[in-house]
Amino acid sequence: TGTCSCLFSSARCTDVLLSYCSDMSYTQTLFPNLAGHRSREETEAGAEYLLLSVAEALLGGRCNPEIRMLGCSVLVPRCQRDAVLRPCRSTCQAVRARCSGAFRAIQMNWPYFLDCDRFFGAEQEGCYDPLEGLHDQQDGDDYDGAEALLAEDPASRMRFVYHSSSQVNSVLRATEERCAGIARTYSIGRSMEGRDLLVIEFSDNPGEHEPLEPEVKYIANVHGNEALGRQMLVYLAQFLCSEYLQGDQRVQTLVNTTRIHILPSMNPDGYEAALSRAQGQRHAASETGRNNAQNIDLNRNFPDLTSIVYSRRRQKGYRTDHVPIPDYYWFGKVAPETYAVMKWIRSIPFVLSASFHGGDLVVSYPYDLSKHPLKRNLLSPCPDDKVFKFLASKYADAHETMSFESSRCGSSRSHSHKGTVNGAEWFSVSGSMQDFNYLHTNCFEVTVELGCDKFPPEEELFLAWNENQEALLAFMEEAHRGIKGFVKDADGNGIPGARVSVRGVQHNITSGENGEYFRLLTPGIHVVSASAPGYTKAMKRVRLPQRMRRAGRVDFTLAKAPDAQVLDDPATDAYGRFDPYNQYERYTLMADVNPNHEERVEKPWWWNYFIQSGAPAPTWLLKH
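On a predicted model such as this, the values are computed, not experimentally measured, just so you know. (Residues numbered from 1 in each chain as written. Predicted model: local features only at pLDDT ≥ 70, side-chain atom pairs only at ≥ 80, totals over all residues. Heavy atoms only, no water.)

Asks: It is not clear to me how the sheet that holds strand 18 (residues 538-544) should be interpreted in this structure. Could you clarify?
Replies: The sheet built from four strands is open, its strands ordered 15-14-17-18 with antiparallel pairing. Looking along the sheet, the strands with just one partner apiece sit at the ends: strand 15 (505-510) and strand 18. Between one strand and the next, the sheet's axes are offset by a mean angle of 25°, whatever the strand orientation. (Pairing = 2+ DSSP bridges. Helix = DSSP H or I, 4+ residues; strand = E, 2+ residues; numbered from the N terminus. Axes fitted to C-alpha atoms, helices over the stretch in contact; angles between N-to-C directions.)

See below:
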């Protein structure tokens, strides 16, 4: 007969009353079921049935309703003549072959109760197809089309909720897997509590710097309680991947001509503290977790190079670029997150950057530290003030509301102009990341304040993404503004460390190891020169049209200076003294030896679906 009554000899067939299994091809079932549940009530209360009820949401619609119907064939198996019929193993194996990737994408084990060898039977035993009638109800062509539409990994779909640190990392890695040809994830270090500072990179040649291809970085969540930027950068990573695969010409051009680095969270420890307070206490979340686990404000923790520049501005030939980090800085309290970002900034030739904060709606630009003797708020422009105003306005104007007077909020209202403001005029800060980028490297960074609510409700995330999407793209495209090229000698060899200067601007850019340089400039006419110790200076006049969309190519060839003596440059030597006393070990070892590190390993984002039900936690779904 194909029936198996050995386990159910005293039971009788009963109606299938589970709502998520109401569309099965049969109407009678039997308890205990194949998973060992003794009643309908026990089945409904179990994590197995809960998984079936949320499977469509978890898997992003993929493999629905197959997974649900396969599970129903185990939880409410077909009953015939008061005996259970087992579902066919061949059907289970076919579904698992097609759908196991969807579970891997969200870092979930294949559910134990869908074990094809354990709960399913062979055809010779008289099994039945649990998906009977499913494919007959769908046109074959339409079904194939639906599968194609659902081919996107669920973890790479945008979810407009706040992600924990492990969820962010899962999304980034799933995005990397989906767009393996253009995406790569890498860690720049760890937070004080041992969480990865994970970056996702987009490029047509990920992992390598390509000559004359500018590098851009986005950093968010410097203050842990300012959560909106963190989510925006997660969505940006998903958007770049998805749109590139779908053939969006603008995104493809951006990725193919720019190396983009995205760090959604610089302060994951502070964010987790804020998130833990956010459950029903939105105001408390905005006041908790600003600093890192050492109670350090990371945007005050960088070397204060601005004060050094101010103190030397009356000296002849003083520099506002590649200012060395003073040795005394390393004997202060340097956060591991700050150290990791500084080392990252020095290791990659970034051209353009933005850091995302909350508490206002404005883009601020250097200097952040006031030149007022008492550091009171005072307009304190840097040498590239015109360039920074231009860059800041590009983001503000592309944002849906930031440049509108009616949208002003926060303390910048009395100082900002169409959504942009000089940092020191608004709120004087020493040791900011923005000033450090400008004064220590070739990178120009602005600070984007995304709104006055630092931790807005989840229902506002979708709106915020729509407000910022265009601005996020438009700002990155500005990395192609100005000029770029090589500084070489007469034999065609690149000259590293050559200074590229612009007349009237007291700030130089230095060339890389191969003589490559990038110089952001506003439209107009500029006199640009290149110089290096032991070589004669070369000068060129450059005209940049208003509507120029790509950086102009300007190369310099420097001739050897006759009888020139190349002297050691004390400033260059000092610049190379990064952490000269190896002080950083005392900050990193604490995270490495923390005995609670394993306890801090976070559950994946879908774990909350199950622990809130009150049922025993389904640890059998966890990968680790």
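There's more to say after this.
Asks: Whenever I open this one, the confidence of the model for the chain confuses me. Can you help?
Replies: Looking at the chain as a whole, the pLDDT averages 88, with 88% of positions reaching at least 70. Scored below 50 in pLDDT, residues 1-8 shows 17 contacts in the model against residues more than four places distant or in partner chains. For residues 593-600, every residue scores under 50 in pLDDT, and the model assigns this stretch six contacts once sequence neighbours within four places are set aside. (pLDDT = per-residue confidence, 0-100. Contact = heavy atoms within 4.5 Å.)

Asks: Got a minute to help me understand the packing of helix 7 (residues 165-178) against helix 8 (residues 228-245) in this structure?
Replies: Two measures define how a pair of helices packs: the angle their axes make with one another and the distance between the axes. Packing of helix 7 against helix 8 leaves a shortest axis separation of 10 Å and a crossing angle of 15°. When the axes of helix 7 and helix 8 are compared, the pair comes out roughly parallel. At the point where helix 7 passes helix 8, the crossing takes the left-handed sense. Taken together, the residues of helix 8 that come into contact with helix 7 (itself represented by Ser 165, Val 168, Val 171, Leu 172, Thr 175 and Arg 178) are Arg 230, Val 234, Ala 237, Gln 238, Cys 241, Ser 242 and Leu 245. Class assignment of the residues belonging to the contact of helix 7 with helix 8 gives a composition of seven nonpolar, four polar and two charged. (Parallel < 35°, antiparallel > 145°, perpendicular 65-115°, else oblique. Left-handed = near helix turned anticlockwise from the far one by under 90°. Nonpolar A, V, L, I, M, F, W, Y, C, P; charged D, E, K, R; others polar.)

Asks: In this structure, what is going on with the packing of helix 8 against helix 9 (residues 249-257)? I would like to understand it.
Replies: Where helix 8 meets helix 9, the axes come as close as 8 Å, and the angle between the chain directions of the two elements is 110°. Of the possible angle classes, the one that applies to helix 8 and helix 9 is roughly perpendicular. Handedness of the helix 8/helix 9 crossing: left-handed. Here helix 8 contributes Phe 239, Leu 240, Glu 243 and Tyr 244 to the contact with helix 9, which in turn contributes Val 251, Gln 252, Val 255 and Asn 256. For the contact of helix 8 with helix 9, a count of residues per class yields five nonpolar, two polar and one charged.

Asks: Help me understand the state of the cysteines in this model?
Replies: Following the criterion strictly, the structure yields seven disulfides and no others. A disulfide bridge connects Cys 63 with Cys 99, and the sulfur atoms are separated by 2.0 Å. Its torsion about the S-S bond being -105°, the disulfide of Cys 63 and Cys 99 is classed as left-handed. Pair noted here: Cys 63 is in the loop between helix 2 (47-58) and helix 3 (66-75) and Cys 99 is in helix 4 (residues 89-105), with a separation of 36 residues, a long-range link. (Disulfide = S-S within 2.5 Å.)

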